[in-house]
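Commentary on secondary and tertiary structure
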Amino acid sequence: MDIGTQSEIILREVGYETWPWTGTSPPVICFESATVIGFVHVFGTARELLDTWEAAQQRVLARHAPALRAAGTKAWNVYSVFLTSEFAQSLQRQVEKLEENFALTRKIARTAIQTTEDLTNVLMPLGPIKARPLLEHTDIADRLRVRAKDIPVEALTAFLANQRPEDVAEILGSPA
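Figured I'd write up the structure that's included with this text.

Cut-off values and rules
- Each residue is numbered by its place in its chain's sequence as written, counting from 1.
- Note on the predicted model: pLDDT of at least 70 is required for a residue's local features to be given, and 80 or more for side-chain atom pairs to be given and counted; whole-chain, interface and lining totals, by contrast, use all residues.
- The basis for the side-chain values is all heavy atoms of the structure; hydrogens and waters are excluded.
- Every axis corresponds to a line fitted to the C-alpha atoms, with the helix fit spanning only the stretch in contact, and the corresponding angles, defined between N-to-C directions, vary from 0 to 180 degrees.
- In this text, helices come from DSSP runs of H or I with a minimum length of four residues, and strands from runs of E with a minimum of two, each type numbered from the N-terminal end.
- Relative orientations are named as follows: roughly parallel for angles under 35 degrees, roughly antiparallel for angles over 145 degrees, roughly perpendicular for angles from 65 to 115 degrees, and oblique for any other angle.
- The sense of a crossing depends on the near helix, which, turned anticlockwise from the far helix by less than a right angle, makes the crossing left-handed and, turned clockwise, makes it right-handed.
- Whether two residues are in contact is decided by their heavy atoms, any of which lying within 4.5 Å being enough.
- Grouping buried Ala, Val, Leu, Ile, Met, Phe, Trp, Tyr and Cys residues that are joined through side-chain atoms within 4.5 Å yields what is termed a nonpolar core.
- Under the scheme applied here, a residue whose accessible area is under 20% of the maximum for its type counts as buried, over 50% as exposed, and between as partly exposed, the area being computed with a 1.4 Å probe on protein chains only.
- Within this document, salt bridges are pairs made up of a side-chain nitrogen of Lys or Arg and a carboxyl oxygen of Asp or Glu, the two lying within 4 Å of each other.
- In this context, the arc is that of the directions from the helix axis out to the C-beta atoms.
- To estimate the expected span of a helix, subtract one from its residue number and multiply by 1.5 Å.
- To obtain the bend at a residue, axes are fitted to the seven residues ending there and to the seven starting there, and the angle between these axes is taken.

Section: the packing of helix α6 (residues 140-147) against helix α7 (residues 153-160)
Axes are the key here: two packed helices are described by the angle between their axes and the distance separating the axes. Where α6 contacts α7, the axes come no closer than 11 Å and their chain directions differ by 160°. In terms of orientation, α6 lies roughly antiparallel with respect to α7. At the point where α6 passes α7, the crossing takes the right-handed sense. Along the contact surface, α6 presents Ala141, Leu144 and Arg145, while α7 presents Leu156, Phe159 and Leu160.

So this is what it looks like as structure tokens:
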């Protein structure tokens, strides 16, 4: 999998503009939205990532400094994403610990990016908030009865029985 190209696809799908900056090899994927700016760096190995991430970050920030200065409040939301496909279990914790470094940019750092799903999960903090309700194994009527304790039982029963909304409203409006 080409991590750079796939990163562009995923980031575009969640609303970012993306473009490669070819001032370095491999190219850095730049991304920007109305509120966030960022750079995806791809490394060949976890050791290379650990040894060169600071220089890579500095190089990109220096190159884009005029644009970042002009970005106003958006400049407070600059991300550096450091990724490698190498699975290096002994270095994994060190790489992830980079995220605790808040100097200059917010950071996302991961090893073992092998699949699109891996990359999607890594880039998830940059996307919109998603919540998947787990309703598959529950009865909606039972869930509603549990949560709607303040609604009169007659009104809830009428609602669940698909009575006309006017009838449910009349029950709700009648004195208890």
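Quick notes on the nonpolar core
By size, the foremost hydrophobic cluster in this structure holds 17 residues, and its most contacted members are Phe31, Val81, Leu83 and Leu126. Within the residue set of this core, elements represented by two or more residues are α1 (3-13), β2 (28-32), β4 (78-84) and α5 (116-123).

Notes on the pattern of salt bridges
For the coordinates displayed, the defined rule picks out 9 salt bridges. The salt bridge involving glutamate 100 is made with lysine 97; its shortest N-O contact spans 3.5 Å. Since its relative accessible area comes to 46%, lysine 97 is described here as partly exposed. With a shortest N-O distance of 2.2 Å, arginine 110 and glutamate 99 are connected by a salt bridge.

Focus: α7
Those residues of α7 that sit buried are Ala155, Leu156 and Ala158. Down the axis of α7, the buried side of the element spans an arc of 160°, and every buried residue falls inside it. Away from its buried face by more than 90 degrees, α7 exposes Val153 and Glu154. Looking one or two places after α7, you find asparagine 162, whose phi comes out positive at around 60°.

Looking at helix α2 (residues 46-63)
In this model, α2 (18 residues) spans 24 Å end to end at C-alpha, consistent with the 26 Å of a helix rising 1.5 Å per residue. Along its length, α2 reaches its greatest deviation from straightness, about 60°, at threonine 52. What α2 keeps buried is the set Ala46, Leu49, Leu50, Trp53, Ala56, Gln57, Val60 and Leu61.

The quantities given are spatial measurements derived from coordinates; they are silent on function.
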